[in-house]
Amino acid sequence: MGTRLSRRSFLTCAGSAVIGAGVYGLAWGPRDLRVAEASVAIRGLPDTLAGLRIAQISDLHRGRWVSEGQIRRAGDVARSLDPDLVVLTGDYVTGRASYVWSCVEALGPIPSRFGTFAVLGNHDWWTDAGVVRRALQRIDAYVLSNDAVRLGHDGARLWLLGVEDMWSSAFSLARAVYAAGDGAPRILLCHNPDVFAAAAAWGIDLVLSG
């Protein structure tokens, strides 16, 4: 998914490789890769961050039914979008954690101005979260764990928050919110979209999920 940010249209999620979920994601999604663009208005977005493009990749599910070639295609599409920021929103594997090494090798680093940030999904936790984290670091992805990082450009600020999967015992949205220390706009990464209601209660400006 791709997103572009502006004061009126802050994010145009450059939907750069959201490969479905559930049965569709495992069986058909990888053969039907599409780029979806969306514009989202965010109050208080600094002018210098207007037009920021975010490439989101989610639910790659490398495993028995998803090949390295299919994931490599997703990475190529993401790179072609020339994103300013890359976010990975979980479920990199299905079945066993060892698949993650071929997943990240096929995906490869995706150049962007602000870097690559990731969170884990339920399938990553069901296998081995530690192994998945280490593999993501191989492609220079910063894995957020109930934490926040501040992105800046010419004095403008934007918070990127990331939480553990809601189905894991480690999930804590409150910790991520408290880590974002000022009133700058906030974008939350969470694999499970069920976080939307809680994020709205905390005043999160945008949620990107798998």
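Shown above is the structure to which this text applies.
Residues numbered from 1 in each chain as written. Predicted model: local features only at pLDDT ≥ 70, side-chain atom pairs only at ≥ 80, totals over all residues. Heavy atoms only, no water.

Remarks on unusual backbone geometry
Then comes step 1: Not every positive phi belongs to a glycine, and Asp-91 is a case in point at roughly 55 degrees.
Then comes step 2: As for its placement among the helices and strands, Asp-91 is situated in the loop between β5 (85–89) and α3 (99–107).
Then comes step 3: Residue Asn-146 is not a glycine yet carries a positive backbone phi of 55 degrees.
Then comes step 4: Inspection of the secondary structure puts Asn-146 in the loop between β7 (141–143) and β8 (147–153). (Helix = DSSP H or I, 4+ residues; strand = E, 2+ residues; numbered from the N terminus.)

Observations concerning the nonpolar core
Then comes step 1: Within the largest apolar cluster, 30 residues are counted, with the highest numbers of intra-cluster contacts made by Leu-88, Tyr-92, Val-100, Leu-107 and Leu-136.
Then comes step 2: In terms of residue count, α3 provides more of this core than any other element does, 6 residues in total.
Then comes step 3: Excluding residues that lie within four positions of it along the chain, Leu-107 makes contacts with Ile-57, Leu-60, Ile-71, Gly-75, Arg-79, Leu-88 and Ile-139.
Then comes step 4: Phe-117, Leu-144, Val-149 and Leu-189 belong to the second-largest nonpolar core, a separate cluster that totals 20 residues. (Core = buried A, V, L, I, M, F, W, Y, C linked by side-chain atoms within 4.5 Å. Buried < 20%, exposed > 50% of the residue type's maximum accessible area, 1.4 Å probe, protein only. Contact = heavy atoms within 4.5 Å.)

Some thoughts on the environment of Cys-103
Then comes step 1: Within the element layout of this structure, Cys-103 appears in helix α3.
Then comes step 2: Residue classification places Cys-103 among the buried positions, given a relative accessible area of 1%.
Then comes step 3: Remark: the alpha-carbon pair of Cys-103 and His-61, spanning 42 residues in sequence, is separated by 8.5 Å.
Then comes step 4: Look past the residues within four positions of Cys-103 in its chain and what remains in contact with it is Leu-60, Arg-62, Ile-71 and Tyr-92.

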